[in-house]
Amino acid sequence: MPRIAYVNGRYLAHADAMVHVEDRGYQFADGVYEVCEVRHGLIVDLTRHLNRLDRSLAELRIARPMTRAALVVVICQTLRRNRVRNGMFYLQVTRGVARRDHVFPADGTPSSIVVTAKSTDQSAIARKNAFGIKAITVRDNRWDRVDIKSVGLLPNALARQQAKEAGAQEAIYVDHNGMVKEGAATNVWIVDADGKLVTRPAEHGILRGITRTTLIDIAAKLGLPLEERFFSVEEMMASREVFVTAATSICFPIVSIDGQAIANGHPGSVSQKIREAFFDIAEKTAI
């Protein structure tokens with residue numbers, strides 16, 4: 001079945017879905033996005049994703065393309081038309097189409113919106129959970145407002161490519177003080193020497209991941225001790241477990257960083273426990 005995309009009010013064959021050459025997302029990365037998991041025909045954590053979308057739009061002063069109720073209808077319709085039961089949708093909003101100029105276009109210029117959806121390979125995700133993934137560390141060279149989920153992802157793409165060329169699947173950003181920030185497309189967690197879950201505070205310098213936020217709820221319900229604090233590369237390398245979280249993967253254990261095994265080089269029990277509890281605790285919205 002051919003894929004279907006929603007572009008500015010129209011459902012189109014994926015191969016025919018296009019945006020204007022002067023869309024500001026294309027020319028300036030002047031836009032924001034969200035990615036959301038779908039499992040068993042249910043959208044995971046939709047409210048939190050849409051709340052973060054609203055925040056990103058407000059921070060960049062981009063007008064909402066439609067009401068939230070209308071957006072939910074579009075998302076669900078796109079998922080239905082693509083027959084997605086286990087997969088994801090991608091949503092992007094830009095400042096719209098206007099003559100190329102660095103300053104904002106005239107008031108009233110409509111925002112542009114694209115929604116796509118696809119099924120994902122659940123067996124590949126299961127293999128990564130069973131065997132873990134590898135990571136490398138890289139110096140953070142991104143702009144300061146990484147708390148906004150902007151489409152300006154060139155540094156992230158370069159970091160992921162560097163990871164791939166090193167035989168790894170994720171790149172972990174490190175700040176100028178040698179403290180861990182986040183992955184190129186994930187939040188980073190450790191289980192420290194005392195058995196406590198640790199992740200960097202999200203007030204500044206990292207994206208407040210939706211899966212990260214839900215995991216905090218899960219830790220509380222499972223009685224897992226948790227601390228939001230800075231931690232160094234050295235502490236990460238010596239920790240009991242390292243794992244990363246993201247909407248489309250939930251919780252991937254990291255078994256090696258920069259070629260060095262983490263703990264015994266196998267996925268740990270804490271990440272497994274969190275992953276098993278996640279879907280039951282997360283918000284679920286029927287398509």
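Details of the structure are given in the entry above.
What counts, and at which threshold
Residues numbered from 1 in each chain as written. Predicted model: local features only at pLDDT ≥ 70, side-chain atom pairs only at ≥ 80, totals over all residues. Heavy atoms only, no water. Buried < 20%, exposed > 50% of the residue type's maximum accessible area, 1.4 Å probe, protein only. Helix = DSSP H or I, 4+ residues; strand = E, 2+ residues; numbered from the N terminus. Pairing = 2+ DSSP bridges. Core = buried A, V, L, I, M, F, W, Y, C linked by side-chain atoms within 4.5 Å. Contact = heavy atoms within 4.5 Å. Salt bridge = Lys/Arg side-chain N within 4 Å of Asp/Glu carboxyl O. Expected span 1.5 Å × (residues − 1). Axes fitted to C-alpha atoms, helices over the stretch in contact; angles between N-to-C directions. Parallel < 35°, antiparallel > 145°, perpendicular 65-115°, else oblique. Nonpolar A, V, L, I, M, F, W, Y, C, P; charged D, E, K, R; others polar.

Colleague: Explanation requested: the pairing of strand E3 (residues 31–39) in the structure shown.
Modeller: Two faces belong to every sheet, and in a regular strand the side chains alternate between them. With respect to burial, E3 is a largely interior element, 9 of its 9 residues being buried. Going residue by residue along E3, you find Gly31, Tyr33, Val35, Glu37 and Arg39 tucked away on one face and Val32, Glu34, Cys36 and Val38 tucked away on the opposite face as well. Strand direction decides the pairing type here: E3 and strand E5 (residues 87–94), joined by 8 bridges, are antiparallel. Its bridge partner lying in E5, Tyr33 is registered against Gln92. In terms of strand pairing, E3 meets strand E4 (residues 42–44) through 2 bridges, oriented antiparallel. When the sheet's bridge partners are listed, Arg39 is paired in E4 with Leu42. Remark: 2 residues form the turn of the hairpin made by E3 and E4, two consecutive strands paired antiparallel; His40 in that turn has positive phi of roughly 55 degrees.

Colleague: Looking at this structure, how should I read the nonpolar core?
Modeller: For soluble globular proteins, the rule of thumb is that nonpolar side chains tend to be buried together. By size, the foremost hydrophobic cluster in this structure holds 25 residues, and its most contacted members are Ile43, Leu71, Ile75, Leu79, Phe89, Leu91 and Ile113. Elements represented by at least two residues in this core include exactly E3, helix H2 (46–60), helix H3 (68–81), E5 and strand E6 (112–119). When neighbours within four sequence positions are excluded, Phe89 is seen to be in contact with Glu34, Val35, Cys36, Ile43, Leu46, Ile75, Leu79, Thr116 and Ala117. Membership of the second largest hydrophobic core comes to 18 residues, among which are Ile133, Ala135, Met237 and Val244.

Colleague: I'm lost on the pattern of salt bridges in this one. Help?
Modeller: Where side chains of opposite charge bring their charged atoms close, a pairing between them can arise. In the structure shown here, the tally under the stated rule is 22 salt bridges. Measuring nitrogen to oxygen at the nearest pair gives 3.7 Å for the salt bridge that ties Arg208 to Glu203. A residue is classified by how much of its surface remains accessible, and Glu203, at 60% relative accessible area, is exposed. Across the pair Glu235 and Arg229 runs a salt bridge whose closest N-O atoms are separated by 2.7 Å. Note on Glu235: relative accessible area 25%, which makes it partly exposed. Through salt bridges that share partners, Asp192, Lys196, Glu227, Arg229 and Glu235 make up one connected network.

Colleague: How should helix H6 (residues 210–222) be read in this particular structure?
Modeller: Counting along an α-helix, one turn takes 3.6 residues, and residues three or four places apart therefore face a common direction. Helix length check: H6 (13 residues) gives 18 Å between terminal C-alpha atoms against 18 Å at 1.5 Å per residue, within 8%. The complete set of buried residues in H6 reads Ile210, Thr211, Arg212, Thr214, Leu215, Ile218 and Ala219. Two residues or fewer after H6 comes Gly223, characterised by a positive phi angle close to 75 degrees.

Colleague: Looking at this structure, I do not really get the side chain of Ser271. What am I missing?
Modeller: Following the sequence through the fold, Ser271 ends up in helix H8 (residues 269–281). You can call Ser271 buried: its relative accessible area is 1%. If near-sequence neighbours (up to four positions away) are discounted, Ser271 is found in contact with Glu241, Phe243, Cys251 and Pro253.

Colleague: Please clarify how the packing of H6 against H8 should be interpreted in this entry.
Modeller: The packing of two helices is summarised by the inter-axis angle and the distance between the axes. Two numbers describe how H6 lies on H8: the axes approach to 10 Å, and their chain directions differ by 100 degrees. In terms of their interaxial angle, H6 and H8 are classed as roughly perpendicular. Here H6 contributes Thr211, Thr214, Leu215, Ile218, Lys221 and Leu222 to the contact with H8, which in turn contributes Lys273, Ile274, Ala277, Phe278 and Ile281. Grouping the amino acids of the contact of H6 with H8 by side-chain chemistry returns 7 nonpolar, 2 polar and 2 charged.

Colleague: Any chance you could explain the pairing of strand E1 (residues 4–7) here in plain terms?
Modeller: Covered by surrounding structure in E1 are Ile4 and Tyr6 together with Ala5 and Val7, the residues of both alternating faces. Pairing between E1 and strand E2 (residues 10–13): 4 bridges, direction antiparallel. Counterpart to Ala5 in the pairing with E2 is Leu12. Turn length for the E1-E2 hairpin, with the two strands adjacent in sequence and antiparallel, is 2 residues, and the turn residue Asn8 shows positive phi of about 50 degrees.

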